[in-house]
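Structural description and commentary
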Amino acid sequence: MSKLRDWLIAGGVLLAGRRPPRPRPTSRRIVEARDPNTGSELLATVLFLGAAACALAFPFLYAFDVPALTQLLGLSLGLACMLLAAGLVVVGKRVVVTEELEEPYPPPARVWEQEEVVQIVEESTDSISRKRFLVVAGGAAVGSLGIALITPAASLGPVLDMDPFFRTTWKRGRRLVDEHGKPFRAEAIEQQVFYTAYPEHGDREEIGAPLIVVRLEPAELQLPAERKDWAPEGIVAYSKICTHAGCAVSEYRVPTFAPVEPKPALVCPCHYSTFDPAAAGHVLFGPAGRPLPQLPLQIDAAGHLRAGGNFSGAVGPSWWGVRNRKAKP
Amino acid sequence: MRRAALILALLALAPQASAQPPQGAALYAEDCVKCHGAKGVGVPGVGPPLRGVGAGTADFYLRTGYMPLGSPHEQPYRKRVLFDERQIVSLVRYVASFGSGPPIPQPHPEHGNVAEGLHLFTEHCAGCHQVVARGGVVTGARVPPLTRASPVEIAEAVRAGPYVMPAFTKSALSDAQLDSIIRYVEYAKHPSNVGGWGIGFVGPVPEGMVTWLIAAVALVAICTAIGRRVSG
């Protein structure tokens, strides 16, 4: 904390402190001296400060998380960029003396010519009466735009507590229900059809809640050995949330006549990640980097489908370290 | 006078024409048997058996021009129908006689509810067909638009699941729900347009492209305004 205060003080001193003017190497001017264009300077400063104000409005609007404010969020960023651009245009066209040179670069041996260029650059801004103020305003615009741009990172979530990402309501014995809360019976799950299931008495809005359930020919299944009894009667259940960007996997490609048609697949309509329901959700195509998490299933004495445990892996879109963790009840 | 006589003569002939023996078997032998086998037993690796597919499925494949197919490995898509109405009816009757299967469904979209239809369509169909029912893709196959699908064809396709489309049984989607879905698809063919530019009603991609084009033109205009052309 004290280090931060030191930095702030140092920054303030640097910003406010006066610097002795650098001695000019020669007294002869190259760029003609001219009167300061105070009107344009003022305009540029106002534009920069406006940009800074708009950019600073962004974090404030972001903090008041009201859905109707999304347009204002866009407006504040857009205005900040526009005003910054306008300020730079004014500085470039009106405040700094511009000159076009179409000469080839001189060989580096002639040092005096380079010094001359430095002198030109410095003298070009001589006529600015409030140079420091203008620089501070421009810096404020760029700085606050930077702050506005990194503000959404706050929505990336808790930095240290990642447990909520791995928690799902699924646990051994929980029944699968349809969208009206009616439990699924195993015999009602037919081939060629896909079903969306939710946990009984569970929060459906939770990312780990929705499942996609299909029935395949048991002989076609290629599940790893430890998942041998995860698919009773060939019924398999996977998380409905794509492991790429978190869209709902809502396309079920299922051939009518297998020999001449593509094999069964679960497809996400957002970026066409394609998963193999017969082979533990293995990625067949598309940008997804890991298989769909599979939920072990059981059929109870009454013929209802129940979860046999939790998912095979973390549910939802992928990010760093996601493969190292498991879904938790 | 002469025309009336001609019409009368035709009317007199009509019952005789319909009394002819069904041409289904002959048409089947001509256009279907190569891939589906005699009596619909199927040909392994080429065409599926047709026993028990029912009249609904056969009616769908014939009415949409999905069948006959040029090659068994191509995806069937809507094309010119090779048979006339009478040929379709007799061929469907012949295919349905191979084994008991579901009949041609008789949907009543007028009993359906557009709002419920939109909800159900979003849940069950929009993943592939898009919420505007203009079609799209699933990896490995194209998804047809529904702009030319009749209510009966929609009902047949939903129950049969043609090509790689999943089927929806009555327990997954009741007949009343199907009516609502068809009502919505009928609505989506001519969505109420309150103004603006629909751009084919196919969603955010063309809208985004139009926006980008406008933005690009605006940016070029700004560049021209603040820049200067350097000659040479």
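Things to note about the overall build of chain B
Counting secondary structure elements, chain B contains 10 helices and two strands. Long-range contacts, defined as pairs at least 24 residues apart, comprise 68% of the intrachain contacts of chain B with a sequence gap of at least 6.

Description of the confidence of the model for chain B
Detailed reading of the predicted coordinates is not advisable wherever pLDDT is low. Taken residue by residue, chain B gives an average pLDDT of 86. The fraction at 70 or more is 88%. In the predicted complex, the global pTM is 0.68; the interface-specific ipTM is 0.76.

Overview of the interface of chain B and chain A
With 21 residues of chain B at the interface, the matching set in chain A holds 25 residues. Here the side of chain B that touches chain A is composed, by residue class, of 13 nonpolar, eight polar and no charged.

Describing the pairing of strand β4 (residues 235-239) of chain A
All names here are of chain A. For β4, the tally of buried residues reaches five of five residues, placing the bulk of the element in the interior. With two bridges joining them, β4 and strand β9 (residues 294-295) adopt antiparallel strand pairing. In the strand pairing of β9, Ala 237 is matched with Leu 295.

Observations concerning the pairing of strand β2 (residues 194-199) of chain A
All names here are of chain A. By the criterion of burial, β2 is predominantly enclosed, with five of the six residues buried. One ladder, built from four bridges, connects β2 with strand β3 (residues 211-215); its direction is antiparallel. Bridging from a neighbouring strand, Thr 196 pairs with Ile 212 of β3.

Brief notes about the packing of helix α2 (residues 38-63) of chain A against helix α3 (residues 70-95) of chain A
Residues and elements named next belong to chain A. At a minimum axis distance of 8 Å, the contact between α2 and α3 shows a crossing angle of 160°. The angle between α2 and α3 places the two elements in the roughly antiparallel class. Seen from above, α2 lies across α3 with left-handed handedness.

Quick word on the sheet that holds strand β6 (residues 265-267) of chain A
Residue and element names in this part refer to chain A. Spatial strand order, β5-β6-β7-β8: four strands in an open sheet with antiparallel pairing. Edge positions in the open sheet fall to β5 (251-253) and β8 (282-285), since each of these has one partner strand only. The sheet shows a mean angle of 35° between the axes of neighbouring strands, taken without regard to direction.

Describing the sheet that holds β3 of chain A
The five strands lie next to each other as β1-β2-β3-β4-β9 (chain A), forming an open sheet whose pairing is antiparallel. The outermost strands of the open sheet, each flanked by one partner alone, are β1 (176-177) and β9 of chain A.

Topic: the confidence of the model for chain A
Confidence along chain A averages 86 in pLDDT terms, with 91% of residues attaining 70 or more. When mean pLDDT is taken per element in chain A, β4 of chain A scores highest with 96 and helix α1 (residues 2-16) of chain A scores lowest with 75.

Side note on the packing of α3 of chain A against helix α5 (residues 131-150) of chain A
All names here are of chain A. Between α3 and α5, the shortest axis-to-axis distance is 11 Å and the interhelical angle comes to 155°. Taken together, the axes of α3 and α5 lie roughly antiparallel to each other. Crossing geometry of α3 relative to α5 is assigned as left-handed. Contacts from Leu 77, Ala 80, Leu 84 and Gly 87 of α3 reach α5 at Gly 138, Ala 141, Leu 145 and Ala 148. Here the contact of α3 with α5 is composed, by residue class, of six nonpolar, two polar and no charged.

Things to note about α5 of chain A
With 20 residues, α5 of chain A ought to run about 28 Å at 1.5 Å a step, and its terminal C-alpha atoms sit 29 Å apart, in line with that. Looking at the buried positions of α5 of chain A, the neighbouring elements they touch are α2 and α3 of chain A.

Things to note about the nonpolar core
Residue and element names in this part refer to chain A. Membership of the largest hydrophobic core comes to 81 residues, with the highest contact counts inside it found for Val 213 and Leu 266. Once you skip the residues sitting within four places of it in the chain, Val 213 turns out to touch Leu 176, Ile 189, Tyr 195, Ala 197, Ile 235 and Ala 237. Membership of the second largest hydrophobic core comes to 21 residues, among which are Ala 80, Leu 83, Leu 134 and Ala 141.

Rules behind the numbers
Along each chain, numbering runs from 1 in the same order as the chain's sequence is written. Numbering of ligands from 1 and lettering of chains from A proceed in the order in which they are written. For this predicted model, a pLDDT threshold of at least 70 governs which residues receive local features, and a threshold of 80 or more governs which side-chain atom pairs are given and counted, while totals over whole chains, interfaces and linings are taken from all residues. Every helix listed is a DSSP run of H or I at least four residues long, and every strand listed is a run of E at least two residues long, numbered separately from the N terminus. Contacts here follow a simple rule: the backbone-placed C-beta atoms of the two residues must lie within 7 Å. The quantity known as pLDDT measures the predictor's confidence residue by residue, on a range of 0 to 100. Three residue categories are used. Nonpolar comprises Ala, Val, Leu, Ile, Met, Phe, Trp, Tyr, Cys and Pro, charged comprises Asp, Glu, Lys and Arg, and polar comprises the others, including Gly. With C-beta atoms placed from the backbone, a residue is buried if 20 or more other C-beta atoms are within 10 Å of its own, exposed if 12 or fewer are, and partly exposed between those counts. By the convention used here, strands pair only if DSSP detects at least 2 bridges between them. As a rule, the C-alpha atoms of each element are fitted with a line to give its axis, helices using only the stretch in contact, and angles between N-to-C directions run from 0 to 180 degrees. In this scheme, roughly parallel covers angles under 35 degrees and roughly antiparallel covers those over 145, while 65 to 115 is roughly perpendicular and the rest are oblique. Handedness of a crossing follows from how the near helix is turned relative to the far one, being left-handed for an anticlockwise turn of less than a right angle and right-handed for a clockwise one. By this rule the span expected of a helix is its residue count minus one, scaled by 1.5 Å. Take the buried Ala, Val, Leu, Ile, Met, Phe, Trp, Tyr and Cys residues, join any whose C-beta atoms are within 7 Å, and the set you get is a nonpolar core.

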